[in-house]
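# Descriptive analysis of the structure
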Amino acid sequence: MDPKNRNAAALTKRVNDITGAMVKHYGNILTTAKADQNVDYSTTAQRELAIKEDTTAFIRNAQDLSTLIRELQELWLFGGLDTLTDPADEEANKAKALSIAAMVEVLTKGPVRVEEKRDEGNGER
């Protein structure tokens, strides 16, 4: 999924588009099936074709909806879905990152000798 489409407005629009298309095709199927039954073979064949086309489009839209659900599950599971983030959370994450960076910096400056720490605690040298 494109990162710029990972916001609530884009996802809502995509869901509305897919479900709107599904409702439209389902309505077309019902309208075609309900039409006047006193017709010839040619008209019946045309209706059958129209029903098959709308059924195929309905199934394709249902598959698109299933794909969207799967993408949302993956984004949610792997942490890429950021539609509910709060700016205050970003500040807390920055503070955590800075404290971790400070710890890493201390560790990279050199190993701390355990013997020296014990001697300082006992008052011996």
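For the structure, see preceding data.
Cut-offs applied
- Residues numbered from 1 in each chain as written.
- Predicted model: local features only at pLDDT ≥ 70, side-chain atom pairs only at ≥ 80, totals over all residues.
- Heavy atoms only, no water.
- Phe/Tyr/Trp six-rings, centres within 6.5 Å; stacked < 30°, edge-to-face > 60°.
- Helix = DSSP H or I, 4+ residues; strand = E, 2+ residues; numbered from the N terminus.
- Expected span 1.5 Å × (residues − 1).
- Buried < 20%, exposed > 50% of the residue type's maximum accessible area, 1.4 Å probe, protein only.
- Contact = heavy atoms within 4.5 Å.
- Axes fitted to C-alpha atoms, helices over the stretch in contact; angles between N-to-C directions.
- Parallel < 35°, antiparallel > 145°, perpendicular 65-115°, else oblique.
- Left-handed = near helix turned anticlockwise from the far one by under 90°.
- Nonpolar A, V, L, I, M, F, W, Y, C, P; charged D, E, K, R; others polar.
- Salt bridge = Lys/Arg side-chain N within 4 Å of Asp/Glu carboxyl O.

Two measures describe an aromatic ring pair: the distance that separates the ring centres and the angle between the ring planes. Inspection of every chain in the model, using the stated rule, returns one aromatic pair. Note on Y26 and F58: the rings are 6.2 Å apart at their centroids and 40 degrees apart in plane angle, and the pair reads as tilted. A residue pair is termed long-range when its members are at least 10 positions apart, and Y26 in helix α1 (residues 8-34) and F58 in helix α2 (residues 41-78) qualify at 32 residues.

Turn by turn, an α-helix covers 3.6 residues, leaving residues three or four places apart pointing in a common direction. With 38 residues, α2 should cover 56 Å at 1.5 Å per step; its first-to-last C-alpha distance of 55 Å lies within 8% of that length. Along α2, the residues that are buried comprise R47, D54, A57, N61, L68 and L75. For α2, the elements touching its buried residues are α1. At the exit of α2 stands G79, carrying a positive phi of roughly 80 degrees.

Here α1 crosses α2 at 160 degrees, and the two axes come no closer than 9 Å. Judged by the angle between their axes, α1 and α2 are roughly antiparallel. Crossing geometry of α1 relative to α2 is assigned as left-handed. Residue composition of the contact of α1 with α2, grouped by class: 16 nonpolar, five polar and five charged.

Oppositely charged side chains can form a pair if their charged atoms are brought close together. Under the counting rule described, the total for this entry stands at five salt bridges. Notably, a salt bridge pairs K52 with E48, separated by 3.4 Å at the nearest N-O pair. Here the residue K52 and the residue E48 both occupy positions in helix α2, the gap between them amounting to four residues, near one helical turn. Note that E105 and K109 form a salt bridge whose closest N and O atoms lie 3.9 Å from each other. Judged by relative accessible area, K109 falls into the exposed class, the value being 67%.

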